[in-house]
Each structure stands twice: as structure tokens, then as C-alpha cells.
Amino acid sequence: NMAFATIDVTKGITGTIPVANGGTGLASGTSGQFLKFTGSTTLASTAIATGKVLQVVSSSGANVTSTSSTSFSTNMTVSITPSAATSKVLVLHAPPSAIYLSNTSNYGHTAVFRETGGSDTNITTSGHNSTWGVYRLSTGTYMSGSAIEILDSPNTTASIDYKIRVKVDNASLTMTYGHDASQASMSSLTVMEIGA
């Protein structure tokens, strides 16, 4: 009979196990890297590619806001905490399919706000009066909403509230964003952290 010796692998072993013997062929790695196959059996280390979606937070529902105020009121809120200050955040809003306006003379508006650390900022940089959706009827009382897409650079790892807010430009107008409570149309707000 052949006797088998045992080896305590926790002691006295140095160097790198070759790939041919079941190792990675690597002595060490770098923080933020992962292992990948470069061929049928070859392993190598590489950094995580940039521009990847790191997390997604979304909310949807029959969110109805009726206002005659010339100041913004919050319709929807989604919170996200970026994993790196260099990340960007893509904000996507699918608006309600029906918005009620009480007259044909005045305008309703929507905008995206970023709230973090006690600071509340309108990040809508284009459109009329820093608003994205601008609503005015020529006939009738209902219209569809405007989809919103904004790529934000918040430069923080603190918790952020992204908010869809609505207002009118004249208090003689009533705008109901989402039709009304009895016939509310669905809308959604999605935020995606994009790795730098």
C-alpha cells in the first residue's frame, strides 16, 4: 500500500498557482476589479467598465395633483443614494395620459427638482421658464402630458429625492395633473444611477 502524506496548506506556501494547475495565474488584484475569462481557460483581472447602470429606483401609480398655485407642488418623489459622487443620474418621467385644464388662456407646467442636504434645486434646464412640460389648450379641457428625460450630475453620495412638480402661471387656471381622483391615469418616475 502507498502511504499518502497530508499537507497543511495554511503554512509555508508562497507564489502563484498556475492556471494549468487550477489557479488564476494572478498574485494579487486591485480594488474595484473582478476576474474574467479571456479565453476558454485563461483568467485575467480587469476594472469594472464605466457607463453601466448601477441601480434603478422606480415608482408608479395614479398620482393626482390639482393646483391653482403659481408655486410648485410635488406630484411624485423617488429617492436614490448614489454609490459614487462621480455617478450621473438619469431621470425618466412617464406622465399621466390625461391632464385637465380649466381654461384655454393660461399655462400649466411641470419640472424636475433635486432635493438633497436641505437644498431644493430645479434641474430642468430647458423649456419655458425652466419647465419641461408646458400645457395650454386651444380647445377642449384635456390634454396629454410631456415625457421628461434629464441626465443629472448630482456630485454626491448623500440620499437624493427627485421630484416631479407642477404649477400654473396664473391663479385663474386650475390644472389637474393626472385627470382627477375618480379617473386617475397612471404615471411613473424612474431614476437610474449611471457609473462614471
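In the block above lies the structure referred to throughout.
Throughout what follows, the structure given in this document is the object of discussion. In this convention, every chain numbers its residues from 1, walking through the sequence in written order. Where local features are concerned, this predicted model is filtered to residues with pLDDT of at least 70; where side-chain atom pairs are given and counted, the filter is 80 or more; whole-chain, interface and lining totals use all residues. Think of the side-chain values as coming from all heavy atoms in the structure, minus any hydrogens and water.

**Observations regarding the environment of Glu115**
The following threshold applies: The secondary structure listing takes helices from DSSP runs of H or I that are at least 4 residues long and strands from runs of E that are at least 2 residues long, numbered from the N terminus. The contact criterion used throughout is that any non-hydrogen atoms of two residues lie within 4.5 Å. Whenever two N or O atoms come within 3.5 Å, that pair is a polar contact, provided that in protein one can donate a hydrogen and the other can accept it, and provided that, for residues adjacent in sequence, both atoms are side-chain atoms.
Looking at the element boundaries, Glu115 is found in strand β8 (residues 108-116). For the pair Glu115 and Asp161, spaced 46 residues apart in sequence, the C-alpha to C-alpha distance is 5.0 Å. Those residues within four positions of Glu115 in sequence are excluded, and the remaining contacts are Asp120, Ser159, Ile160, Asp161, Lys163 and Arg165. Within the structure, the side chain of Glu115 is placed 2.3 Å from the side chain of Lys163, a separation counted as a polar contact.

**Some points on unusual backbone geometry**
You will see that Asn155, though not glycine, has its phi angle at about 55°, which is positive. Assignment of secondary structure puts Asn155 in the loop between β12 (148-152) and β13 (160-168).

**Quick notes on the pairing of β13**
Test applied: Relative accessibility decides the category of a residue: with a 1.4 Å probe and only protein chains considered, values under 20% of the type maximum give buried, values over 50% give exposed, and everything between is partly exposed. Note: two strands are recorded as paired if DSSP finds a minimum of 2 bridges between them.
For β13, the tally of buried residues reaches 8 of 9 residues, placing the bulk of the element in the interior. Two elements, strand β5 (residues 73-80) and β13, share 7 bridges in a ladder whose sense is antiparallel. Paired with Ser79 across the bridge in β13 is Asp161.

**Some points on the packing of aromatic side chains**
Two descriptors summarise a pair of aromatic rings, namely the distance from one centre to the other and the angle between the planes of the rings. The following threshold applies: Stacked, edge-to-face and tilted are the three classes for Phe, Tyr and Trp ring pairs, Trp counted by its six-membered ring, which pair at centre distances within 6.5 Å; planes under 30 degrees apart are stacked, over 60 edge-to-face, the rest tilted. A ring has a charge above it when a Lys NZ or an Arg CZ is no more than 6 Å from the ring centre and no more than 35 degrees off the ring normal.
If you walk through the whole model with that rule in mind, you get 3 aromatic pairs. Taking 5.0 Å as the distance between ring centres and 70° as the angle between the ring planes, the aromatic pair formed by Phe72 and Phe113 counts as edge-to-face. Here the residue Phe72 occupies a position in the loop between β4 (65-67) and β5, and Phe113 occupies one in strand β8, the gap between them amounting to 41 residues. A relative accessible area of 25% means that Phe72 is categorised as partly exposed. Exposure remark for Phe113: the relative accessible area of 9% places this residue in the buried category. When the centroid spacing of 5.6 Å and the interplanar angle of 55° are considered together, the rings of Tyr100 and Tyr142 count as tilted. Placement of the pair is Tyr100 in strand β7 (residues 99-101) and Tyr142 in strand β11 (residues 142-143), with a sequence separation of 42 residues. Its relative accessible area of 43% is what places Tyr142 among the partly exposed residues. Across from the ring centre of Phe113, 4.8 Å away, lies the NZ or CZ of Arg165, which sits over that ring.

**Structural notes on the nonpolar core**
Put simply, the rule is: In this description, a nonpolar core means a group of buried Ala, Val, Leu, Ile, Met, Phe, Trp, Tyr and Cys residues linked to one another through side-chain atoms lying within 4.5 Å.
If you look at the biggest cluster of nonpolar residues, it comprises 23 residues, and the most contacted ones within it are Val91, Leu101, Val112, Tyr162, Ile164, Met175 and Val191. If you list the elements that add at least two residues to this core, you get β5, β6 (88-94), β7, β12, β13, β14 (175-177) and β15 (187-194). The leading source of residues in this core is β13, at 5 residues. Sequence-distant contacts of Val112, that is, excluding residues within four places in its chain, are made with Val91, Thr121, Asn122, Ile123, Thr124, Ile148, Ile150, Tyr162, Lys163 and Ile164.

**Some thoughts on the sheet that holds β11**
Ordered in space as β4-β14-β7-β11, the 4 strands form an open sheet in which the pairing is antiparallel. Of all the strands in the sheet, the pair left with one neighbour each is β4 and β11. As paired elements, β7 and β11 share 2 bridges and run antiparallel to each other. Within β11, the position partnered with Ile99 by the bridge is Met143.

**A few points about the pattern of salt bridges**
For side chains of opposite charge, pairing can occur when their charged atoms come near one another. Keep this limit in mind: Salt bridges are counted wherever a side-chain nitrogen of Lys or Arg sits within 4 Å of a carboxyl oxygen of Asp or Glu.
In this structure the tally under the stated criterion is 3 salt bridges. Lys163 is the salt-bridge partner of Glu115, the closest N and O atoms lying 2.3 Å from each other. Of the two residues, Glu115 is situated in strand β8 and Lys163 in strand β13; the sequence distance between them amounts to 48 residues. Of the residues examined, Glu115 reaches a relative accessible area of 26% and is grouped as partly exposed. By relative accessible area, Lys163 is classed as buried at 11%. Measuring nitrogen to oxygen at the nearest pair gives 2.5 Å for the salt bridge that ties Asp120 to Arg165. Taken together, the residues Asp120 in strand β9 (residues 119-122) and Arg165 in strand β13 connect sequence positions 45 residues apart.

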